[in-house]
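Structural overview for review
Below, each chain spelled out in residue letters.
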Amino acid sequence: MSLVKTTRDGGLKRRRFLVGAGIAAGAGALARQLPLNVIDKAEAADPVPGAAVPTEIKRTICSHCSVGCSVDAVVANGVWVRQEAAFDSPINMGAHCAKGASVREHAFGEHRLRYPMKLVNGKYQRISWDQAINEIGDKLIQLRQQAGPDALMVIGSSKHNNEQAYLLRKWVSFWGSNNCDHQARICHSTTVAGVAQTYGYGAMTNSFNDLHHSKAVLFIGSNPAEAHPISMLHFLHAKELGAKMIVIDPRFTRTARFAHHYVRVRPGTDIPLVWGILWHIFENGWEDKDFIAARTYGMDDVRKEVAKWTPDKVSDVTGVPESAVRIAAEMLAKNRPSSVVWCMGITQHHVGTANVRALAILQLALGNIGVPGGGANIYRGHDNVQGATDVGPNGDSLPGYYGLAEGSWKHFASVWGVDYNWILSRFGSKELMEKPGITVSRWFDAVNEQNQFIDQPSNLRAVFYWGHAPNSQTRLPDMKAAMQKLDMLVVIDPYPSMTASMHGRTDGVYLLPAASQFETQGSCTASNRSIQWRERVIMPLFECKTDHEIMYLFARKLGFHEELCKNIKVVHNEPVVEDILREINRSCWTIGYTGCSPERLKLHMENKHTFNPTTMRADSGPCKGDYYGLPWPCWGTPEMKHPGTPILYDINKSVAEGGLPFRANWGVEHNGASLLAADGSTNKGSELDVGYPEFDHVFLKKLGWWNELTPAEQALAEGKNWKTDLSGGIIRVVIAHGCAPFGNARARCNVWNFPDPVPVHREPLASPRRDLVAKYPTYEDKSAFWRLPTLYKSIQAQDYSKDFPLIMTSGRLVEYEGGGEETRSNPWLAELQQNMFVEINPRDAAQIGARVGEFVWVETPIGARMKMMAMVTERVPVGLVWMPFHFGGWWMGEDLERHYPEGGAPTVRGEACNTGWTYGYDAVTMMQETKVSLCRLVRA
């Protein structure tokens with residue numbers, strides 16, 4: 001779909017697209033780079049007429065969404081000349097979406113940053129790497145002396161590979177702060193919190209391929225036909241086998257056109273709708289009573305809340321007819337196993353964590369967790385958002401979700417080979433060392449807010465944008481104001497993101513060219529927890545450097561490079577990626593990142609063809625018995641050869657073969673009720689036929705299993721638990737007895753440590769239904785939440801509905817990804833969608849006389865005015881407008897092209913819809929609200 005399709009270059013047809021992604025483009029790219037005389041690493045030999053050019057295949061992973069599609073890169077004489085479909089991948093089986101088919105252009109794009117740059121009198125000027133590292137480093141040292149280490153915020157990337165993400169968290173720790181974050185905060189932090197607190201781990205339970213086993217699938221707040229196209233192939237296969245399809249979305253999406261049952265819901269009312277579905281399930285006795293009795297805690301509390309949501313009340317609040325709710329309930333209940341898939345339509349709300357928990361509970365009630373074809377399946381956005389969340393720069397946790405308590409720091413001090421007190425000395429205080437940092441969703445408030453209201457000594461004074469697009473965040477006018485107040489703004493990215501153009505500064509900005517994912521190697525984790533090894537396709541082009549080399553150079557300038565790489569070999573200033581992964585293997589026992597050594601991951605990549613595309617298990621070959629990518633947890637040491645865990649919480653397999661119960665993470669009882677699984681509800685082969693707590697040295701001794709550890713293991717495991725025992729002996733022995741290291745408990749339907757122990761409906765902060773605000777109010781304002789005051793009730797109290805009568809929501813396009821700077825710079829993709837647009841129902845368009853292709857202003861309560869083309873369509877209902885969030889490069893009607901570095905502006909530019917979003921943050925994770933607010937339209 002394109003609003004006003006203009007033809008360039010005679011029209012780029014599909015055939016030319018594919019050819020263009022091949023030899024022709026390779027030659028063209030090579031030719032256009034030669035005059036720059038800056039390709040000092042990718043050395044192409046002079047061709048010998050008539051001689052065959054030797055080529056090799058490099059196996060890599062698509063750099064866009066989180067499905068994990070393989071790409072075969074054909075390299076000749078060090079030059080990436082062509083990409084081919086990887087038919088041997090069990091995930092994508094040769095298929096690619098538009099973005100995946102054109103990833104080669106990401107590396108060779110003309111709009112890339114080529115050398116370090118510095119803003120001088122409003123213009124970007126070329127500088128050397130030495131100058132950049134020294135000037136930025138000197139400024140950091142000065143800021144540290146003046147204001148302390150918490151004056152710096154480092155925004156990392158979910159596009160870094162696992163090793164880079166891990167090294168960045170370590171880097172920030174040695175700098176002495178927890179002020180680090182990345183994209184997961186604003187896409188799935190609510191999923192991680194909600195699912196982890198219910199089941200035990202904050203991750204997708206099954207796999208894309210496992211949908212083959214589903215009898216019904218509910219897509220809610222998810223549009224995989226555009227956001228995760230290759231995942232749809234697996235569902236469509238299930239549909240061919242008879243699976244029913246339900247889509248719940250305010251907008252009739254491309255996914256919805258495949259549905260047997262489409263439900264249009266009012267944005268911000270997901271909990272009443274899910275409780276309405278459960279009302280019919282409970283009313284008709286369709287729940288799985290045995291599963292609930294044996295493996296859940298607190299379902300009776302849910303029943304009490306659900307009983308309030310009678311069909312008439314659900315219909316009034318959600319706008320969904322009573323019959324449509326009952327049909328959805330019956331389809332899910334009578335076609336089991338049924339799966340639920342969600343994405344940012346569920347997570348990006350001020351009640352995002354509660355939304356997630358309602359869906360997690362729905363699957364528990366139906367007994368759909370821990371079975372093939374069931375599950376809570378959460379599709380992530382970037383290629384490594386799962387892995388970066390697991391081991392990367394999170395402000396509230398060390399790698400592996402270890403938290404920030406003293407014991408966690410001491411565990412990592414031991415792994416890193418540095419003294420705990422030295423790390424402590426790097427922080428402003430022990431209190432700050434153990435306090436969650438500022439989030440990416442609100443770093444600008446930590447600049448703009450008065451200092452006495454910030455829960456740290458200083459305001460932020462410097463920010464690193466390291467592989468993150470600012471236009472994926474809300475409230476951009478406030479962000480721009482903060483950028484102008486900073487002492488220094490540093491952008492590290494393969495492409496100059498909108499950060500480079502929107503700040504309005506004349507100096508104090510640096511742009512550092514990072515290598516693309518194809519110019520480095522390492523592991524990345526797909527949504528289904530499979531970890532894949534990405535080979536280096538080409539050496540970094542131009543003057544680009546890999547992210548981990550840049551981290552090392554800054555560490556050397558700042559004086560902690562020896563501590564950073566104590567266990568990691570450094571070659572030509574690049575920390576060796578395999579060594580970093582081995583350090584992850586030695587430290588992240590909590591989530592089982594310990595068995596996935598570089599050697600095992602590389603073996604999987606070389607033998608993809610041996611894995612079954614439905615079960616993901618290798619039935620033959622050198623990986624026989626393993627599941628593809630060793631989906632975590634992959635327990636124990638690599639030598640234990642654990643096969644990975646394809647389905648979380650599956651007790652029909654032994655733990656040694658990839659089974660698991662629910663995690664015992666909250667004690668053994670609460671309010672007099674047991675939190676441990678019922679007797680007999682244990683994994684196949686377990687020697688303990690009852691629920692049990694997590695294992696430590698004391699429990700092992702009581703069971704008489706301690707002597708099964710070797711003397712060397714006992715020495716390391718004494719006083720430790722399964723998470724901190726660096727020998728791995730506790731885990732080895734426990735699994736040998738058929739048990740799970742983290743215990744065997746019940747899933748929690750009542751999370752007593754959350755603001756709403758059982759999810760309740762709370763009207764959106766910018767609600768058009770003012771009659772419901774008093775009945776379903778939001779939370780009280782908070783004075784200190786993730787170091788900042790956070791408003792709820794005082795925001796909801798403001799009624800904008802009369803002046804801004806339309807509901808505003810947003811979503812994804814198939815052509816672009818994230819903030820879109822890379823994909824909108826890709827000529828093959830730019831051809832497909834050339835204009836930012838807003839979808840408007842014909843009746844609303846008629847109110848202002850707007851027609852397809854005409855410009856309109858979208859105005860919001862914060863004073864933002866966004867100019868974009870009208871797409872008049874019945875896809876959206878009367879009273880609602882929808883916008884894609886990938887655009888950027890305009891600022892309230894002004895094209896910012898002249899503010900980018902020369903040649904660096906993306907081909908397609910447009911208004912960033914996040915410019916206009918109003919205030920709103922999840923009450924647990926600080927997730928930003930991007931799915932329901934208010935606006936009005938004015939004809940331009």
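I will try to describe carefully the structure that is included in this document. The shown structure was predicted, so the numbers you read here are calculated from the model rather than taken from an experiment.

Time to look at the pairing of strand E5 (residues 123-126). Relative to E5, strand E4 (residues 117-120) runs antiparallel, the two being bridged by 4 bridges. Considered in E5, the bridge of Val-120 is made with Lys-123. Connecting E4 to the next strand, E5, in antiparallel fashion are 2 residues, including Asn-121 with a positive phi near 50°.

Now for the pattern of salt bridges. By the definition in use, this model includes 55 salt bridges. A salt bridge links Glu-599 to Arg-582; the shortest N-O distance between them is 2.2 Å. Placement of the pair is Glu-599 in helix H26 (residues 598-606) and Arg-582 in helix H25 (residues 577-587), with a sequence separation of 17 residues. A residue is classified by how much of its surface remains accessible, and Arg-582, at 29% relative accessible area, is partly exposed. Overlapping salt bridges, with partners in common, bring together Lys-159, Asp-383, Arg-534 and Glu-817 in one network.

On to the sheet that holds strand E28 (residues 855-859). Strand pairing in a sheet relies on backbone hydrogen bonds. The paired strands run either parallel or antiparallel. Taken in spatial order, the 6 strands of this closed barrel run E26-E30-E27-E29-E28-E34, and their pairing is mixed. Ignoring which end each strand starts from, the neighbouring axes of this sheet average 45° apart. Relative to strand E29 (residues 865-872), E28 runs antiparallel, the two being bridged by 5 bridges. Bridging across to E29, Trp-857 finds its partner in Lys-867.

Glancing now at the nonpolar core. Core analysis: the largest hydrophobic core is formed by 234 residues, its most contacted members being Trp-171, Trp-275, Leu-362, Trp-443 and Phe-464. Among residues more than four places away in sequence, those in contact with Trp-171 are Leu-152, Val-154, Met-551, Phe-554, Ala-555, Leu-558, Phe-560 and Leu-564. If you look at the next biggest cluster of nonpolar residues, it comprises 41 residues, including Ala-766, Val-838, Met-868 and Trp-882.

The strand order across the open sheet built from 7 strands is E5-E4-E16-E15-E14-E6-E7, with neighbouring strands paired in mixed fashion. For this open sheet the edge positions go to E5 and strand E7 (180-181), each flanked by a neighbour on one side alone. The pairing of strand E6 (residues 152-155) with E7 spans 2 bridges and is classified as parallel. In the strand pairing of E7, Val-154 is matched with Cys-180. Of the strands in this sheet, E4, E6, strand E14 (462-466), strand E15 (488-493) and strand E16 (509-513) are in contact with helix H4 (residues 129-147), which crosses E16 at around 130°. Set on the sheet, helix H23 (residues 547-558) makes contact with E14, E15 and E16; between it and E14 the angle comes to about 155°.

We now examine the pairing of strand E26 (residues 806-811). With 6 of 6 residues buried, E26 is to be regarded as a mostly interior element. Residues Leu-806, Met-808 and Ser-810 line one face of E26 and the alternating positions Ile-807, Thr-809 and Gly-811 line the opposite face, and both faces are buried. Bridging between E26 and strand E34 (residues 933-939) involves 3 bridges; their strand directions are antiparallel. Bridging from a neighbouring strand, Met-808 pairs with Ser-933 of E34. Pairing analysis gives 5 bridges linking E26 to strand E30 (residues 880-884), with the strands arranged parallel.

Pro-337 follows Arg-336 through a cis peptide bond whose omega is 5°. Take Pro-337: it is sitting in the loop between helix H13 (322-334) and strand E12 (338-342). Each neighbour pair has its own omega, and for Trp-632 with Pro-633 the value is 0°, a cis peptide bond. Along the chain, Pro-633 turns up in the loop between H26 and strand E21 (669-670). Positive phi outside glycine occurs at Asn-671, with the angle close to 50°. Turning to its location among the elements, Asn-671 is positioned in the loop between E21 and strand E22 (673-674). We note that Trp-786 has phi near 50°; this positive angle belongs to a residue other than glycine.

Rules behind the numbers
- Residues numbered from 1 in each chain as written.
- Predicted model: local features only at pLDDT ≥ 70, side-chain atom pairs only at ≥ 80, totals over all residues.
- Heavy atoms only, no water.
- Pairing = 2+ DSSP bridges.
- Helix = DSSP H or I, 4+ residues; strand = E, 2+ residues; numbered from the N terminus.
- Salt bridge = Lys/Arg side-chain N within 4 Å of Asp/Glu carboxyl O.
- Buried < 20%, exposed > 50% of the residue type's maximum accessible area, 1.4 Å probe, protein only.
- Axes fitted to C-alpha atoms, helices over the stretch in contact; angles between N-to-C directions.
- Core = buried A, V, L, I, M, F, W, Y, C linked by side-chain atoms within 4.5 Å.
- Contact = heavy atoms within 4.5 Å.

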